[in-house]
Amino acid sequence: MGMIGRRAPELRVRRWIGGNGEALDTPLKLSDIGTRVKIVFAFQHWCSGCHSHGFPTLQRFYSILAPTGIGFAAIQTVFEGADENTLEKLNLNQRKYGLSIAFGHDVPSTGAAYPSFMEDYRSRGTPWFIVINADNRIVFSDFHLDADWLASELKRARFAS
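Treat the numbers as computed from the prediction; the structure is a model and nothing was measured. (Residues numbered from 1 in each chain as written. Predicted model: local features only at pLDDT ≥ 70, side-chain atom pairs only at ≥ 80, totals over all residues. Heavy atoms only, no water.)

A. Spotlight on the overall build of the protein chain. Of the regular secondary structure elements, the protein chain holds five helices and six strands. For 161 residues, the compact-globule estimate of 2.2 N^0.38 gives 15 Å, and the protein chain sits close to it at 14 Å. Counting over 161 residues, the protein chain shows a buried share of 48%. Within the protein chain, contacts between residues separated by at least 24 positions form 69% of all contacts whose residues are at least 6 apart in sequence. Entry remark: accessible area of the protein chain is about 7,900 Å², with carbon and sulfur atoms responsible for 50%. Taking the 18 positively charged and 16 negatively charged side chains of the protein chain as two groups, their mean positions are separated by 6 Å. (Helix = DSSP H or I, 4+ residues; strand = E, 2+ residues; numbered from the N terminus. Rg over C-alpha atoms; globule rule 2.2 N^0.38 Å. Buried < 20%, exposed > 50% of the residue type's maximum accessible area, 1.4 Å probe, protein only. Contact = heavy atoms within 4.5 Å. Areas by Shrake-Rupley, 256 points an atom, 1.4 Å probe, with all protein chains shown as cover. Lys, Arg positive; Asp, Glu negative; His and termini not counted. Charge placed at Lys NZ, Arg CZ, Asp CG, Glu CD.)

B. Representation of the packing of aromatic side chains within the structure. In total, this model carries 11 aromatic pairs according to the counting rule given. Considering the side-chain rings of F41 and F129, the 4.9 Å spacing of their centres and the 35° angle between planes classify their relative orientation as tilted. Highlighted residues: F41 in strand β2 (residues 38-43) and F129 in strand β5 (residues 128-132), separated in sequence by 88 residues. Neither F41 nor F129 differs from the other in exposure class; each is buried. An angle of 5° between the planes, with centres 4.3 Å apart, marks the rings of F55 and Y97 as stacked. Here F55 is found in helix α2 (residues 48-65), whereas its partner Y97 is found in the loop between α3 (89-96) and β4 (102-106), with 42 residues between them in sequence. When its relative accessible area of 0% is taken as the criterion, F55 is described as buried. (Phe/Tyr/Trp six-rings, centres within 6.5 Å; stacked < 30°, edge-to-face > 60°.)

So, in structure tokens, the structure goes:
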């Protein structure tokens, strides 16, 4: 069964940097992203689709929607390429795309096949977008989030409160 309509699982990502690139002492929780709509973007540094589609889409959302109180976070899901998808790449991508949001680094726990975000949210790769409404229900979970669709849904106040 898909994740749409289900309650969003709490984040289990352990390593984070804040919006200014500083290491966070405690892991980010969903409530830290905000109480309204939340957009979580999963990526890998070495993913060409993340750079050609994912990050530009996230930039567009962030520039338009962050002033409205919608929360954002990005998570590097390291399910392959651990030598390239490193913790140090978080700040590099944060600066490159001008995103003053928290970035997480999610590697599989010992014995796990996939990072916690991929397991909990059943994402199937990168770039991946999750949209969580104000009731902490997942309303979107997929590779390609259409910016125009999301904007129209938010304007109709379907997901925002």
